[in-house]
Amino acid sequence: EALDIYRSLSERDERFLPYLAITLNNLGAALSKKGMFDYAIKYHKEALKIRRLLAERDERYLPDLAGTLNNLGLALSGKRMLDDAIRCHEEALKIIKPLAEGQPWHRPLLSASYIGLGYALLKKGDEKEGIKNLCAALKILLDPSTPRSPYTERRLSFCIELLQPLREKLPDRCRKKLDSITADMQKQ
């Protein structure tokens, strides 16, 4: 219902385009969670077109563009369209990495980009690069300068879930961080 309303409003006034993109992106994410990847991809692609347009006009929309690329990448991974998923996450990283350097509130989105890329690479069979990206995400998520929120906690849980079965193959620094955080979680 919200989608119909924002479509109608944005046809009359472009100031509603950001709300239409948010609605499309959220609908796509909900459909991905239900395993309805074809529909999720359709809505994320529509959101992506709008967010590209908005980001061209105003760079303040770049984080939203990166977020939609990540969501599309996850849906594509779910559909096993792994090369497309990898391209989405790599583009998201190119956008969000420079922003996160000076603005720590973008670090959770940066970690999500690394996790999405690592996940797609693992599914494709590129364990070395998958691990490298997941370890980069873990480092960001455990850094005290990364803001804590339910979003970052979910990212951290997913990252740990992906890294745990690969524990013996992890570089020492990453394995130590993983062991430390899992030990802390078990104490709680």
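What you see is a predicted model, and the numbers here were worked out from it, not measured in a lab.

(A) View of the confidence of the model for the protein. Per-residue pLDDT for the protein averages 96, and the proportion of residues at 70 or more is 99%. Highest mean pLDDT in the protein belongs to helix α3 (residues 37–57) (98); lowest belongs to helix α9 (residues 172–187) (89).

(B) Expanded view of the pattern of salt bridges. Throughout the structure, instances matching the rule amount to 15 salt bridges. Here Glu46 and Arg7 are joined by a salt bridge, their closest N and O atoms 2.3 Å apart. You can see Glu46 sitting in helix α3 and its partner Arg7 sitting in helix α1 (residues 2–12), a full 39 residues away along the chain. We classify Glu46 as partly exposed; its relative accessible area is 23%. Residues Lys132 and Glu129 are paired through a salt bridge, measuring 3.6 Å at the closest nitrogen-oxygen approach. Note that Lys132 and Glu129 are positioned in helix α7 (residues 127–142) at a spacing of three residues, about one turn of the helix. For Glu129, a relative accessible area of 28% puts it in the partly exposed group. What you see here is one network of salt bridges that share partners, running through Arg167, Glu168 and Asp179.

Cut-off values and rules
- Residues numbered from 1 in each chain as written.
- Predicted model: local features only at pLDDT ≥ 70, side-chain atom pairs only at ≥ 80, totals over all residues.
- Heavy atoms only, no water.
- pLDDT = per-residue confidence, 0-100.
- Helix = DSSP H or I, 4+ residues; strand = E, 2+ residues; numbered from the N terminus.
- Salt bridge = Lys/Arg side-chain N within 4 Å of Asp/Glu carboxyl O.
- Buried < 20%, exposed > 50% of the residue type's maximum accessible area, 1.4 Å probe, protein only.

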